[in-house]
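Survey of secondary and tertiary structure
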Amino acid sequence: MIAVALGVATVFGAALPAAAVSAQPGTKVANVIATRWWPSTRKTLTKIPGAGSLNLTRVKCPRGVPEKVADPEDAIAEELAAFGAGDVAPTLSRTGVFSCTAKLDGQTLLVVGAISPKSHAHFATGSLILSPREIASRVADAYAQRIGAPTQAVCPGDTVLVVQPDTPIGCQARDVATQQAVDVEVSVDGALNTTFSFPG
């Protein structure tokens, strides 16, 4: 499972004096995310089979993204949890940290970024990128402990499962012997701690 992927990219444009604040067009920032940042970032997904070949599509950012964050990496780290817990939509904070959305394996991924006055940008995933198989395995283990019998489980997602931290994930667990199935609600926090909610 992947919690956060940080990366650096330079947004095209001339370096500006430190006192000047300009903005990059959101379409340009979206292009940098899709074509420069994501190809290097997806290499961190090596523990999820097939994830390293996934492309980002339909990347959308705020219309204008200011180049005013002195230390983009620290600014993102300070605001990442707030963006991850908020709406999954292109937004811009007063500090200049912004979020963009993209499609990854057909699911909406939140990307949080910031750009310095010298056009250096940092980005991080504001969504969790999980392995559906690993989550299903955790569900099966937890349900097996609960009922004292072998179980199987399935969770949503094809190659990856993209969710916001602490957002419920609906999975299904099944007793192997009786084939009786139950719905299980799974939640994964930003530190990748997993909790389960079983019926009854």
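Thresholds applied
- For every chain, the first residue of the written sequence is number 1, and numbering continues from 1 onward in sequence order.
- Thresholds applied to this predicted model are a pLDDT of at least 70 for local features of residues and 80 or more for the giving and counting of side-chain atom pairs; totals over whole chains, interfaces and linings are not thresholded and use all residues.
- Side-chain descriptors were evaluated using all non-hydrogen atoms of the structure, hydrogens and water having been removed beforehand.
- Confidence scores labelled pLDDT are given residue by residue by the predictor and lie between 0 and 100.
- A helix here means a DSSP run of H or I that spans at least four residues, while a strand means a run of E at least two residues long, and both kinds are numbered starting from the N terminus.
- For Phe, Tyr and Trp, where Trp contributes only its six-membered ring, two rings pair if their centres lie within 6.5 Å, and the inter-plane angle classes them as stacked under 30 degrees, edge-to-face over 60, or tilted in between.
- Relative accessible area decides the class of each residue, using a 1.4 Å probe on protein chains only: under 20% of the type maximum gives buried, over 50% gives exposed, and in between gives partly exposed.
- Strands were regarded as paired on the criterion that DSSP finds at least two bridges between them.
- Comment: axis = line fitted to C-alpha atoms, over the contacting stretch for helices; angle = value between 0 and 180 degrees taken between N-to-C directions.
- The contact criterion used throughout is that any non-hydrogen atoms of two residues lie within 4.5 Å.
- Cysteine sulfur atoms are paired as a disulfide whenever they come within 2.5 Å of each other.
- Salt bridges, as used here, are contacts in which a Lys or Arg side-chain nitrogen is within 4 Å of a carboxyl oxygen on Asp or Glu.

1. Some words on the confidence of the model for the protein
On average, residues of the protein carry a pLDDT of 88, and 89% of them reach 70 or more. Taken element by element, the predicted model of the protein shows its lowest mean pLDDT in strand β1 (residues 6–10) (43) and its highest in strand β6 (residues 98–104) (98).

2. Side note on the packing of aromatic side chains
As enumerated under the stated definition, the model contains five aromatic pairs in all. Taking 6.0 Å as the distance between ring centres and 55° as the angle between the ring planes, the aromatic pair formed by Trp-37 and Trp-38 counts as tilted. Taken individually, Trp-37 and Trp-38 each receive the classification buried, so the pair is uniform in this respect. Centroid distance Trp-37 to Phe-123: 5.9 Å. Interplanar angle 55°. Geometry classified as tilted. You can see Trp-37 sitting in helix α1 (residues 26–41) and its partner Phe-123 sitting in strand β8 (residues 120–125), a full 86 residues away along the chain.

3. Overview of the sheet that holds strand β13 (residues 181–188)
The strand order β10-β12-β13-β14 describes an open sheet built from four strands, whose pairing is antiparallel. With partners counted over all chains shown, the strands left at the sheet margins are β10 (151–154) and β14 (194–197), one partner each. If you compare each strand with its neighbour and ignore which way they point, the axes differ by 35° on average. As paired strands, β10 and strand β12 (residues 169–175) are joined by four bridges and run antiparallel to one another. From the neighbouring strand, Val-154 faces β12, where its bridge partner is Gln-172. Running at roughly 145° to β10, helix α3 (residues 132–147) makes contact with β10, β12, β13 and β14 of the sheet.

4. Brief notes about unusual backbone geometry
Note: most peptide bonds trans; most residues except glycine with negative phi. Residue Arg-58 is not a glycine yet carries a positive backbone phi of 50°. Inspection of the secondary structure puts Arg-58 in strand β3 (residues 56–60). In this model, Asp-166 sits at a positive phi of 70°, which is unusual for a non-glycine residue. Within the element layout of this structure, Asp-166 appears in the loop between β11 (161–163) and β12.

5. Quick word on the state of the cysteines
Counted according to the given criterion, the structure contains two disulfides. At a sulfur-sulfur separation of 2.1 Å, the disulfide partner of Cys-61 is Cys-100. On the sign convention where negative means left-handed, the S-S torsion of about 110° between Cys-61 and Cys-100 marks this disulfide as right-handed. Here the residue Cys-61 occupies a position in the loop between β3 and β4 (64–66), and Cys-100 occupies one in strand β6, the gap between them amounting to 39 residues. We note that Cys-61, like Cys-100, is buried. Disulfide partner of Cys-155: Cys-171, at an S-S distance of 2.1 Å. An S-S torsion of about 115° defines the bridge between Cys-155 and Cys-171 as right-handed.

6. Quick notes on the pattern of salt bridges
This structure, assessed with the given rule, holds one salt bridge. With a shortest N-O distance of 3.0 Å, Glu-134 and Arg-138 are connected by a salt bridge. One end of the pair, Glu-134, and the other, Arg-138, are both in helix α3, four residues apart, so they sit about a helical turn from each other.

7. A word on the pairing of β14
Taken together, the four bridges between β13 and β14 define a ladder with antiparallel strand orientation. Directly across from Ser-187, in β14, lies its bridge partner Thr-195. Hairpin connection from β13 to β14: five residues lie between these consecutive antiparallel strands, with Leu-192 at a positive phi of about 70°.

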